[in-house]
Number of protein chains: 2
Amino acid sequence: MAYPQSTFIHTALDPTCFIGRKREVVRKSTLKYQLEALKSTGRYDAFKLKWHPIYNEPPDTWPVPKHLFWDSDIAKWIEGACYFLHESKDPEIEGAIKELVQMIRSASQPDGYLNIHFTVVDPEGRFTNLRDMHELYNAGHLIEAAVAYHELYNDNDLLEPILKYVDLLHETFGPGDHQRHGFPGHPEIEFALLRLYAVTRDEKHRQLAKYFIQERGNPTGQSGRHYYDVEREERGERQYEWPTYYPTESRYRYQQAHLPILEQPTIEGHSVRAMYLLTAASDLVRQSKDMADYKVSLLRLWDNMVDKKMYMTGGIGSVKQWEGFGPDYLLPHGTDEGGCYGETCASIGVMMLAHRLLQLDLNGKYGDIMELCFYNTVLGGMSADGTKFSYTNQLASSDTDLSERADWFQVACCPPNVTRLLGSIGGYLWDYEEDVLSKSVLIKVHMYASGTLTCRLSDGRDIKLKLESTYPWRGELKFELIGQADIETKVVLRIPDFVSEWKYEADDLKTEQRPKSGYFTIPVQSGGDVAKFTVHLPMVHRLIRPHPYTNQDTVTLARGPLVYCIEDVDNPWTDDHFKASNLPRDIEIQISDSETGESFIGYRVSNAASRINLRAIQTSPAILRSTLLTTHDKVPQELIFIPFYFRANRKGRGHMRVAIRHAHS
Amino acid sequence: MAYPQSTFIHTALDPTCFIGRKREVVRKSTLKYQLEALKSTGRYDAFKLKWHPIYNEPPDTWPVPKHLFWDSDIAKWIEGACYFLHESKDPEIEGAIKELVQMIRSASQPDGYLNIHFTVVDPEGRFTNLRDMHELYNAGHLIEAAVAYHELYNDNDLLEPILKYVDLLHETFGPGDHQRHGFPGHPEIEFALLRLYAVTRDEKHRQLAKYFIQERGNPTGQSGRHYYDVEREERGERQYEWPTYYPTESRYRYQQAHLPILEQPTIEGHSVRAMYLLTAASDLVRQSKDMADYKVSLLRLWDNMVDKKMYMTGGIGSVKQWEGFGPDYLLPHGTDEGGCYGETCASIGVMMLAHRLLQLDLNGKYGDIMELCFYNTVLGGMSADGTKFSYTNQLASSDTDLSERADWFQVACCPPNVTRLLGSIGGYLWDYEEDVLSKSVLIKVHMYASGTLTCRLSDGRDIKLKLESTYPWRGELKFELIGQADIETKVVLRIPDFVSEWKYEADDLKTEQRPKSGYFTIPVQSGGDVAKFTVHLPMVHRLIRPHPYTNQDTVTLARGPLVYCIEDVDNPWTDDHFKASNLPRDIEIQISDSETGESFIGYRVSNAASRINLRAIQTSPAILRSTLLTTHDKVPQELIFIPFYFRANRKGRGHMRVAIRHAHS
């Protein structure tokens, strides 16, 4: 079963291609920068279980202590770092990993328990608040780090204490009378356990994951009541005593525990939790024959998300209070329009889920969204130099939320998540399946980047697929397939839904064959000789409009998988985050090469934005706005568009907008 | 000092004019209908202080019991009924009033305390939760009822127990060491006390009102802390134990107690509370020379509300959770667009505030909004037959909130509020001031309806102003002024901001004089003889657009003070609350007379709405929406518009919309 975290090693990316360069930035800068951050903030030494001054500080958001996620911050960095060390060693990074692993080992308690906060600060509180305290979430990330470490060094130093901890969890939680019928407030451990199972083949690990997934949202799980209700009563909390991040109605929507997964009609609540949960559920479906009903729910929730709750950038989550989903079609672009969250981690979660669904059902609609998220809301989470980050991906700035990046976050989930994702990106680009009986290999290409996929056959031989391309800037994809004489190799390519016309060329033949569910099967099947073929995906700009039910009557410039935005750096005349700007109907759009350090294709739009004359409005009360929007200041003559992912990389006033009002006059 | 609740008696409305007919509906149907509702729900007998089954029921919204507002429901009905009895007696109504007054007297406690819930259900709880429990709000409505009853019968039966209660309140609350430094969670009693003062001239009454207003939002009022913090601690509530209606940040914004009024930069929180508070503050400014700084705050908050937080219907409040204001320019039209509240009571509050501000500063901008609210969101709160009501005034229906009316509400604030308002409407239409020294009278006409204003001079003589008009349908205003030989009578008329051209005509002269701050001074000044003059306000339709910062790119049909809407009854083809409907740019608009029981001017728009072809969208993920909105179904050919206030008066599916997307193609 393909896990990108394991299969990425088959990919050798050209470090000069678009994705390759991003990956190099992380390898050379981000990893070390984040290591420094772990050290300077006290995270690095936290597993020594000494007291840290921050442990005395009151939480910004009750009941979550400021340091509650430190375990996961360390684990995610270790995991991400391991992915980069496969192809190139780095003594400094490796030294840190080894030291951290020893500290984690030393933090393991006699009974196997392993958590910083509940060992140092609140030993009594252990397992008393699964709902809010991220105890199992931290455990899950430790498991993922241990597996990554194990696969890199083939060494059990980290796996050992983790397996001991997992045994404790397996004893503590489950259907037995002596066990707690609980499940994590923040899903994560579920797919971590399934990945662990893929390594250990220990049924316990699969069982516990399955239990957490199936027990979730059970209204009568703990002595006839919802586990979280019983748990909070045991903590002595009162009926109206709630953390501020909960919705006021159907509280447990927050963590997708308001209903069992099978009964959830729509995607709700905290968007990262939702993506992690559904990814785990799809892993379970992939592994278990008896989970077909979960597949139905997965597809229902995916469609609800993509059709009604996703921004045109691939961002999800419009409600800041619970960092998650609002009602269908409620997708405002910025804080002063009603909110826009689009957390970076959430889009990484969408990529994880899309990748899993592609394994269940090879359909371009999953690949399209996976690619959309990657190029806009995932890459958008990191600065060009890899040392500044964006937690959210709003589509428009406002005075209260400027478009800018931070060095680090107290809740630092996003930065190491981008590291992990880029570390294992090879596993998302493409994958292959060998069928030993029929002596055949199927290679599925989902995303495009210059590099080589090496398919290691069960008998040790290799089949290679090479790709040369400047995607996403140009759509020419030059493939070279080096097969084996006795192996039938079939290659299928995702034809993105944004291209209307495309072309396939090989030395000897053309084809009229249409893609099936978004994937095109290369008509040549290599039998040993080298097969070359080229696919042309025309890259042209287009204007996107959101669904009318979003009540957002705007246009957005896009090219291939990239969404574009305007910033005050290039368009310094703006004074209101481009809120009063209009894009006329007769604009002329020309390609303009980047004038920044980053090399990209930008756009120069002439005969561009007019501005609504607001002075005419301020004097009139609501009822009198008949003449409104009819008087426009015809400035400026030109608008500069840059890729959304590149926003907030230069000095500016933090004014940015993706979707621009469409002029009426 | 003019109070519409006192001055309306100078107006004799023509019962066949638009407003006259609405008032007749209330007199003939609504009053009796509401009396029946009071009886059938148990409210009528509640002041007998017997137990009622509902007292056992848990609150829908903690900590507010279902019956908490009963005192005010009864008081508001008495008050409203008294306004109608001035011109025509009604034995049934009067019998009920007398009986209720005796029951209220009998409920008065030895120390003067007077409240149903805290006498029957929770005697211990008295004055322990000013923040949420509406104790002083109920007291305020009882005061207003007592004043109305006193002015009708010149009899102290109701005033007596109320004055005793007010003495208790005056002892209990104030700056003294032995006193509580509290203030009401729901303002109301402040202007009730000031109105009481206008009758009693008892300084105590003015002092207490002034104390409540000035103490409000004091961060250090009670032993160095906010009164509500101290109060809740005394109740033993915890830091995170809150009713669900509070915002999660700056909680006391909910009842405008987050800051002292003078320091509040913007209008926030529960919109009815805000309007009642500011109305009381403006009454205080009118009465006290030392309150000029409050006038500055009043105008600042008014402008913030009208310019940035008011719907084009005059509705205020977009957030359902706290029934109040959202951020600047966040004015979605319906629940599935992010919310729309526009409570009827809130618009009545806007009318009260606008009327007070007109006394402070005669400016048409207040009159425009007062009229806007009356014709759309106040009249919209009651059905044509006066027996069904709408609590809110959303601009668009949705599946979760259909456009429909209810027989009654558990929290029944709105129905009797419309009754009170229409009972005293004469006081809003116009008022007059006599200057005995200069022997002159100034008559200010704010709104237009057929009828006669009788200005009773200090020497007992009368000056009359008669108006004949079919306003708001037609804009011809025929005036007749019958003056006194030795009195100089000056008449000023509000020229609504929605007319661009208008005409003044008198037998002998025309004028070119422009209105000053929206008010036009009639050049003829009657000296005894009868002066006739006519003003023509052209009534034509116009298309309104909301402020661009609302991000609502829509058009709305309006005529004079009336906003129009479309309903599925007249446009049965809609299946999505007109969400995908477009109004093309080349529509033809014709007047169509009402085909309903109600007589009004409607509109028939031909070459009208096309519908976006949604099938084309459902198949495409977000990124691919380039072709979106370009394919339209060209149905229907015709759209029927009716006045917004008349919505939901006929059988239908409850689909309604005020603001319609403006077609691009």
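A quick note: this is a predicted structure, and the numbers were derived from the prediction, not measured.

Asker: Explain the sheet that holds strand 5 (residues 462-468) of chain B here, please?
Answerer: Whether parallel or antiparallel, the strands of a sheet pair through hydrogen bonds between backbone atoms. Residues and elements named next belong to chain B. Taken together, the 6 strands give an open sheet; going across it, the order is 1-4-5-6-10-8, and neighbouring strands pair in antiparallel fashion. At either end of the open sheet lies a strand with only one pairing partner, and these are strand 1 (11-13) and strand 8 (503-506). Across this sheet, the average inter-strand angle for adjacent strands is 15°, counted without regard to direction. Pairing of strand 5 with strand 6 (residues 476-482), which is carried by 5 bridges, proceeds in the antiparallel orientation. Residue pairing in the sheet places Lys464 in a bridge with Ile482 of strand 6.

Asker: I tried to follow the confidence of the model for chain A on my own but got confused; where do I start?
Answerer: Reading predicted coordinates in detail is not appropriate for stretches of low pLDDT. Residue and element names in this part refer to chain A. Averaged over every residue, the pLDDT of chain A is 92; the share at 70 or more is 94%. Considering only residues more than four positions removed or in separate chains, one finds that residues 618-629, a stretch of pLDDT under 50, has 43 contacts. This complex was scored by the predictor with a pTM of 0.95 and an ipTM of 0.92.

Asker: I'm lost on the nonpolar core in this one. Help?
Answerer: Residue and element names in this part refer to chain A. Counting 210 residues, the largest nonpolar core has Trp77, Phe374 and Ile443 as its most contacted members. Here this core takes 11 residues from helix 6 (residues 135-153), the largest share from any one element. Residue contacts for Phe374: discarding those within four places in its chain leaves Ile19, Met351, Leu379, Leu421, Leu422, Ile425 and Met447.

Asker: Explain the packing of aromatic side chains here, please?
Answerer: By convention here, two paired aromatic rings are described through the distance between centres and the angle between planes. By the definition in use, this model includes 81 aromatic pairs over all chains. Both rings, one in Trp51(A) and one in Tyr55(A), keep their centres 5.4 Å apart while their planes meet at 80°; by these two values the pair is edge-to-face. Note on Trp51(A): relative accessible area 48%, which makes it partly exposed. When the ring centre of Tyr44(A) is taken as origin, the NZ or CZ atom of Lys39(A), which lies over that ring, is 5.0 Å away. Its guanidinium or amino end placed over the ring of Tyr153(B), Lys98(B) lies 3.7 Å from that ring's centre, counting from NZ or CZ.

Asker: Explain the packing of helix 2 (residues 18-41) of chain B against helix 15 (residues 414-423) of chain B here, please?
Answerer: Packed helix pairs are specified by the crossing angle of their axes together with the interaxial distance, meaning the distance between the axes. Residues and elements named next belong to chain B. Across the interface, helix 2 lies against helix 15 with an axial gap of 10 Å and an inter-helix angle of 140°. Crossing of helix 2 against helix 15: the hand is left-handed. When helix 2 is examined against helix 15, the residues Lys22, Arg23, Val26, Thr30, Leu31 and Gln34 are found in contact with a partner set consisting of Pro415, Pro416, Thr419, Leu422 and Gly423.

Asker: Whenever I open this one, unusual backbone geometry confuses me. Can you help?
Answerer: Across residues other than glycine, the phi torsion is negative in most instances, and most of the peptide bonds are trans. The linkage connecting Tyr471(A) with the following residue, Pro472(A), adopts the cis geometry, with an omega of 5°. As for its placement among the helices and strands, Pro472(A) is situated in the loop between strand 5 (462-468) and strand 6 (476-482). Cis geometry is adopted by the peptide bond preceding Pro63(B), which originates at Trp62(B) and carries an omega value of 0°. Looking at the element boundaries, Pro63(B) is found in the loop between helix 2 and helix 3 (70-85). At Asn551(A), a position not held by glycine, the phi torsion is positive, near 60°. Secondary-structure assignment places Asn551(A) in the loop between strand 11 (541-544) and strand 12 (554-559).

Asker: Looking at this structure, I do not really get the pattern of salt bridges. What am I missing?
Answerer: Any two side chains of opposite charge can pair, so long as their charged atoms come close to each other. Within this structure, the stated rule accounts for 98 salt bridges over all chains. A salt bridge links Asp553(B) to Arg661(A); the shortest N-O distance between them is 3.4 Å. Of this pair, Asp553(B) sits in the loop between strand 11 (541-544) and strand 12 (554-559) while Arg661(A) sits in strand 21 (residues 660-662), placing the two residues on different chains. Residue class for Asp553(B) comes out buried when judged on its relative accessible area of 5%. You can call Arg661(A) buried: its relative accessible area is 7%. Notably, a salt bridge pairs Asp303(B) with Lys365(B), separated by 3.1 Å at the nearest N-O pair. In this pair, Asp303(B) sits in helix 12 (residues 292-308) while Lys365(B) sits in helix 14 (residues 364-378), placing the two residues 62 residues apart along the sequence. Here Asp303(B) falls in the partly exposed class, since its relative accessible area comes to 28%.

Asker: Help me out: how do you make sense of the domain arrangement of chain A in this one?
Answerer: Size of an interface, as often reported, equals the accessible area lost when the parts are brought together. Considered domain by domain, chain A is made up of domain 1 (41-215 + 218-240), domain 2 (252-424), domain 3 (428-498 + 531-536) and domain 4 (541-661). Centre-to-centre, using C-alpha coordinates, domain 1 of chain A lies 37 Å away from domain 3 of chain A.

Asker: Any chance you could explain the packing of helix 6 of chain A against helix 7 (residues 159-172) of chain A here in plain terms?
Answerer: All names here are of chain A. Close contact between helix 6 and helix 7 brings their axes to 9 Å; oriented N to C, the two are set at 145°. Regarding helix 6 and helix 7, the two cross each other, and that crossing is left-handed. Contacts between helix 6 and helix 7 involve Glu135, Leu136, Ala139, Leu142, Ile143, Ala146, Val147 and His150 on the former and, on the latter, Leu159, Ile162, Tyr165, Val166 and Leu169.

Asker: In this structure, what is going on with the sheet that holds strand 5 of chain A? I would like to understand it.
Answerer: All names here are of chain A. If you trace the 6 strands from one edge of the open sheet to the other, you get 1-4-5-6-10-8, paired in antiparallel fashion. In the strand order of this sheet, the two ends are held by strand 1 (11-13) and strand 8 (503-506), each with one partner. Between one strand axis and the next, the sheet turns through 15° on average, direction left out of account. Direction of pairing for strand 6 relative to strand 10 (residues 530-536): antiparallel, over a ladder of 7 bridges. In the sheet register, Glu480 faces strand 10, and the bridge partner there is Lys532.

Calculation criteria
- Residues numbered from 1 in each chain as written.
- Chains lettered and ligands numbered in written order.
- Predicted model: local features only at pLDDT ≥ 70, side-chain atom pairs only at ≥ 80, totals over all residues.
- Heavy atoms only, no water.
- Pairing = 2+ DSSP bridges.
- Helix = DSSP H or I, 4+ residues; strand = E, 2+ residues; numbered from the N terminus.
- Axes fitted to C-alpha atoms, helices over the stretch in contact; angles between N-to-C directions.
- pLDDT = per-residue confidence, 0-100.
- Contact = heavy atoms within 4.5 Å.
- Core = buried A, V, L, I, M, F, W, Y, C linked by side-chain atoms within 4.5 Å.
- Buried < 20%, exposed > 50% of the residue type's maximum accessible area, 1.4 Å probe, protein only.
- Phe/Tyr/Trp six-rings, centres within 6.5 Å; stacked < 30°, edge-to-face > 60°.
- Lys NZ or Arg CZ within 6 Å of the ring centre and 35° of its normal.
- Left-handed = near helix turned anticlockwise from the far one by under 90°.
- Salt bridge = Lys/Arg side-chain N within 4 Å of Asp/Glu carboxyl O.
- Domains from an automatic or database assignment.

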